[in-house]
Amino acid sequence: MNPASRRIQIDSGELRTVNVDSVTSELSRVWGDISRQVEERTGQIPLRTSILTLVVIAHGQAEARTARATLDELVEQMPSRAIVIELGDSTTRLDAHITAHCRAIDGGRPACYEIIELRSPADRVGALPSLLAPLELFDVPSFMWWVGSADFGSPRFRRLTASVERIIVDTSQAESALDSLSGYHTFLNHEDCHCTGTDLNWARATSWRELITQSFDHPLTIGLVWDIQRIEAAYDPNAEAQALLIIGWIASRLGWTLHAAIQTPDGISVSFATPGGDEASVNLNPQTSVGVGLRSVRILASARRNAVRIAIRRRGGDLAAVSIETAGAARQERVVRDQEPRLCDLIGRELLLHTRDPVFDESLDVVAGIVARLRATHD
Amino acid sequence: MSFASRATTEPGIADSARSQLNPLREGLLIERTPDPLVMVIFGASGDLTRRKLIPALYNLALERLLPPGFSVVGVARQDMTGRGFRERMRDAVNEFSRRRPIDDAVWSSFADGISYLRGDFTEGETYQRLDDHLATLEQERGTLGNRLFYLATPPDYYDDIVAFIGAHGLATTERETCWKRVIVEKPFGSDLETARALNRNVNNVFAEQDVFRIDHYLGKETVQNIIAFRFANGIFEPLWNRQYVDHVQITVAESLGVEGRGGYYDETGAMRDMVQNHLLQLLTLVAMEPPVELSADPVRDEKVKVLRAVRPIKPDLVRRFTVRAQYGAGYESGIPVPGYLDEERVASDSLSETFAALKLFIDNWRWAGVPFYLRTGKRMPKRVTEIAIQFKRAPHLLFSGNAADGMEPNVLTLGIQPDEGIALKFAVKVPGPMMSLRSVHMGFQYGASFNVQSPDAYERLLLDAMLGDGTLFTRRDEVEAAWDIVTQITDGWDRIEIDQLPSYESGSWGPVEADAFLKMEGRSWRQP
């Protein structure tokens, strides 16, 4: 929370039996209370600005706690309606809890948002879309953040995501990033899927994509991006999805055609054909360490007499060193901050885009192709 | 930059070619990295460098927006070593950066490129040594001959510095792919004649596309949002004309006095210090026609058209169309403060205005007959900048008697600072059996809706200059058109023989003359 902000919170008290009318009338009551309180304390009528509806799906109490903690930070950034659905076991009662929050930043006019928490037994998921649709704010985009591991092929996933425009998942929550990315790709490309999607690993890889891109802005390297010959990425096992998405991103932006993908003792080896007919090779090397994510990306690009080596290495917990070596010029290195983003920042970043992200989709296409080749080789 | 398409003034590579050369950029929100460059700051020991420039550059480094090899050369008369300068700049970042505490690793990488050169701006020898130093730097740090000169000195030195830069070939581009640019701080001259002379001198050395005249107001996110608000929303533009707008008020109020700048301010006054640049810039953004595209020249073309359409206030009309005054003693936030004439380094018989209000008409199809009231002053009750569009009343009032008591005209307010946002005032029925009306306020606040820190104006503007994008900088013809408006007013003032200016109490909204100025037209100033 902004240190300069004051918060006023009103909640609905006891859990209520759920139907749309009861939730909306409870919301009205809560807002009436909070408006009075805010006006009494600040002398100003609270301001409600709606930017989006965020539906959060959490399985069990642990995920629900993660969701609440993240929302606590997130809704401070984007006032909106958040609907948190906690799916419990069959003994869970379908009920609702409503809170409204207002904050005054730097003594200014207070801004407000609301959170509707619904608890439902997992086996009554079928009933939830009929609740969700009328509770989502109209005329603003609706997003869904699926907190835990998702079974993209399941009817439950399809049914719950049907009412939103964009979904945010975290494929690294699954045991296998390869399977998860492939499943997500299948889901998003299914004819019944009417929403767009993104992956938090795509957001986690953003700073790496930016650093790689910036390395090819340099007057001595610009244009050489088309002549990339080799890429090596080293990563902690939990960052496999990020590494794959980065390779998918480079390959799709440069129009490479997937040639082969094999699992090697050191990781994954992939080869592509460039539009010019050359070969580009990629080695993905998982490390045994944990906790940092992507560790390094090294790129060699060479065309006739020009050649460039780019190395981006994680340095410590929150720094990255970028070096560019070109023939006949001084090696250039810079140290930049590259902090591991907080979960709320990752989600906040993905909420900025509410339409299809073709760059992500095309990157995921390449990754799905790599996974298919790996499976074919394995079989 | 701020807008969708970036104008390219760089030699060699156009933007379309760049994106083809770097297809990885598609979909990324981060700016393109500027080419490697050396930034030479003249006036490196001054306040602007310490408070604004170095903290802004450091923040750009934190945001990963500076290129590898980026270097800064500070030039000033003060005796200081490179190390001493870096330490001083580190302290400045610690004190003034919006991102604190300082990140040691990023600072260390950034500070590797900072050096200092002691020299007198008016001696050729300084520039000879600067030339040698730049040659070494370009070799060692691979900055490829790209140079950005920043004039952060008192304006008296501008002509000398630019002339010496030219005479020593520091701005000569040896290769088609490298560039030399200059950033000039306001004031750009003190009247039309001096502005023209300065422009001529600067353009003798730098091509106009390489000259970046900085008005930090244009770097503010909310100022840029005026364009977004007007041209991204279909509902307002049809109302944005003489048919529906009664008048426009632009207020730039400061709560502070001259704060130790008495010497400078007494030579300048509010008209030259604020109206010529900030207020007229806001006026152009509110009044301009939609540009053909959102890039440097189309935007500036439209702004210049507004300035040229402003009806001149001829010297003999200044009494009718302007008000000026000086603050007297009073209170600021409950603390007693002296009047302007008692400030340090202010002449006791000074006639420099600390408050100026004027009524302008824009003689074009859209705005014919709509008054634009501009007002700026020091020692006003609070620091606030806003643009208020007051709409005409409904053509026929259905509500009579008490019902209409609460009815006020609709006002659309664009808040620039400190409350950055947009508000609309409109009438609603008060609940109950009677038809009674009341004005309510519907507001949008940036801080409340997007709780993210906007970059400082200098960060945006420095990056734009490095990238060669002049959209948020003032062009030569724009500066001269603004001076033309202001010079006619100040000439008129100079012809009026008076012993003293009207006074207003510190902490008030200005002199009674300013209130009377609007009252005689049946209007009143807003109290934002």
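**Student:** Help me understand the overall build of chain A, please; the structure alone is not making it clear to me.
**Tutor:** On a plain count of helices and strands, chain A comes out with ten helices and 18 strands. If you line up chain A on its principal axes, its C-alpha atoms span 75 × 50 × 35 Å. Sorting the 379 residues of chain A into buried and exposed places 44% on the buried side. Long-range pairs, those at least 24 residues apart, make up 71% of the contacts in chain A between residues at least 6 apart in sequence.

**Student:** Honestly, the pairing of strand E11 (residues 228-235) of chain A in this entry has me stumped. Any pointers?
**Tutor:** Two faces belong to every sheet, and in a regular strand the side chains alternate between them. Residue and element names in this part refer to chain A. Taken together, the seven bridges between E11 and strand E15 (residues 294-303) define a ladder with antiparallel strand orientation. Bridging across to E15, Ala233 finds its partner in Val297. Strand direction decides the pairing type here: E11 and strand E14 (residues 279-286), joined by six bridges, are parallel. Each residue of the ladder has a partner; that of Ala234, found in E14, is Asn285.

**Student:** Explain unusual backbone geometry here, please?
**Tutor:** The general pattern is negative phi for most residues beyond glycine and trans for most peptide bonds. Residue and element names in this part refer to chain B. Pro187 follows Lys186 through a cis peptide bond whose omega is 5°. The residue Pro187 is located in the loop between strand E5 (180-185) and helix H7 (192-205) in this model. Geometrically, the link from Gln417 to Pro418 is a cis peptide bond, its omega value of -5° lying close to zero. Tracing the chain through its elements places Pro418 in the loop between strand E13 (411-417) and strand E14 (421-429). Of note, the phi angle at Arg64 is positive, near 65°, even though the residue is not glycine. Tracing the sequence through the fold places Arg64 in the loop between helix H2 (47-62) and strand E2 (71-76). Residue Arg379 is not a glycine yet carries a positive backbone phi of 55°.

**Student:** How should the interface of chain A and chain B be read in this particular structure?
**Tutor:** Often, the extent of an interface is quoted as the loss of accessible area upon association of its parts. Taken together, the contact between chain A and chain B spans 38 residues of the former and 35 residues of the latter. Of the residues belonging to the side of chain A that touches chain B, the class tally is 19 nonpolar, nine polar and ten charged.

**Student:** Teacher, can you tell me more about the sheet that holds strand E4 (residues 147-151) of chain B here?
**Tutor:** Think of a sheet as strands paired side by side through backbone hydrogen bonds, with each pair either parallel or antiparallel. Residues and elements named next belong to chain B. As summarised here, the arrangement of the six strands in space is E3-E2-E1-E4-E5-E6, forming an open sheet in which the pairing is parallel. Of all the strands in the sheet, just strand E3 (114-118) and strand E6 (211-214) have a single pairing partner and so form its edges. Sheet twist, expressed as the average angle between the axes of neighbouring strands with direction ignored, equals 20°.

**Student:** What is the right way to read helix H13 (residues 457-467) of chain B from this model?
**Tutor:** The α-helix winds at 3.6 residues per turn, so residues separated by three or four positions along the chain end up facing the same way. All names here are of chain B. The buried fraction of H13 amounts to eleven of the eleven residues, a majority that puts the element mostly inside the structure. Listed in full, the buried residues belonging to H13 are Ala457, Tyr458, Glu459, Arg460, Leu461, Leu462, Leu463, Asp464, Ala465, Met466 and Leu467. At its buried positions, H13 is contacted by H2, E4, E5 and E6. Once H13 ends, the next one or two residues include Gly468, with phi positive near 80°.

**Student:** Would you mind going over the sheet that holds strand E12 (residues 257-264) of chain A with me for this structure?
**Tutor:** Residue and element names in this part refer to chain A. Strand order in the open sheet formed by eight strands is E12-E13-E14-E11-E15-E16-E17-E18, with mixed pairing between adjacent strands. For this open sheet the edge positions go to E12 and strand E18 (332-337), each flanked by a neighbour on one side alone. Each neighbouring strand pair of the sheet contributes to a mean axis angle of 10°, computed without reference to strand direction. Of the strands in this sheet, E11, strand E13 (267-273), E14 and E15 are in contact with helix H8 (residues 240-254), which crosses E11 at around 165°.

**Student:** Can you help me understand the nonpolar core in this one?
**Tutor:** Nonpolar side chains in soluble globular proteins tend to end up buried together. One finds A:Val56, A:Ile247 and B:Tyr150 to be the most contacted residues of the largest nonpolar core, which totals 239 residues. Among the elements that take part in this core, helix H9 (residues 262-287) of chain B stands out by supplying eleven residues, more than any other. Those residues in contact with A:Val56 that sit more than four places away from it in its chain are A:Ala67, A:Leu71, A:Ala82, A:Val84, A:Ile85, A:Trp145 and A:Val147.

**Student:** Just checking my understanding: could you explain the confidence of the model for chain B for this structure?
**Tutor:** Regions with low pLDDT should not have their predicted coordinates read in detail. Residues and elements named next belong to chain B. When pLDDT is averaged across chain B, the result is 89; 94% of the residues are at 70 or more. Segment residues 1-16: pLDDT under 50, and 40 contacts once partners within four positions in sequence are set aside and those in other chains are kept. Here the predicted complex scores 0.83 on pTM and 0.85 on ipTM.

**Student:** Could you clarify how one ought to interpret the packing of H9(B) against helix H14 (residues 476-495) of chain B in this entry?
**Tutor:** Two measures define how a pair of helices packs: the angle their axes make with one another and the distance between the axes. Residue and element names in this part refer to chain B. Where H9 meets H14, the closest approach of the two axes is 10 Å, and the angle between their N-to-C directions is 145°. For the element pair H9 and H14, the recorded crossing hand is right-handed. In this structure, H9 contributes Met271, Arg272, Val275, Gln276 and Leu280 to the contact, and H14 contributes Ala482, Trp483, Ile485, Val486, Ile489 and Thr490. When its residues are assigned to classes, the contact of H9 with H14 shows eight nonpolar, two polar and one charged.

Criteria and thresholds
Residues numbered from 1 in each chain as written. Chains lettered and ligands numbered in written order. Predicted model: local features only at pLDDT ≥ 70, side-chain atom pairs only at ≥ 80, totals over all residues. Helix = DSSP H or I, 4+ residues; strand = E, 2+ residues; numbered from the N terminus. Buried ≥ 20, exposed ≤ 12 C-beta atoms within 10 Å, placed from the backbone. Contact = placed C-beta atoms within 7 Å. Pairing = 2+ DSSP bridges. Nonpolar A, V, L, I, M, F, W, Y, C, P; charged D, E, K, R; others polar. Axes fitted to C-alpha atoms, helices over the stretch in contact; angles between N-to-C directions. Core = buried A, V, L, I, M, F, W, Y, C linked by C-beta atoms within 7 Å. pLDDT = per-residue confidence, 0-100. Left-handed = near helix turned anticlockwise from the far one by under 90°.

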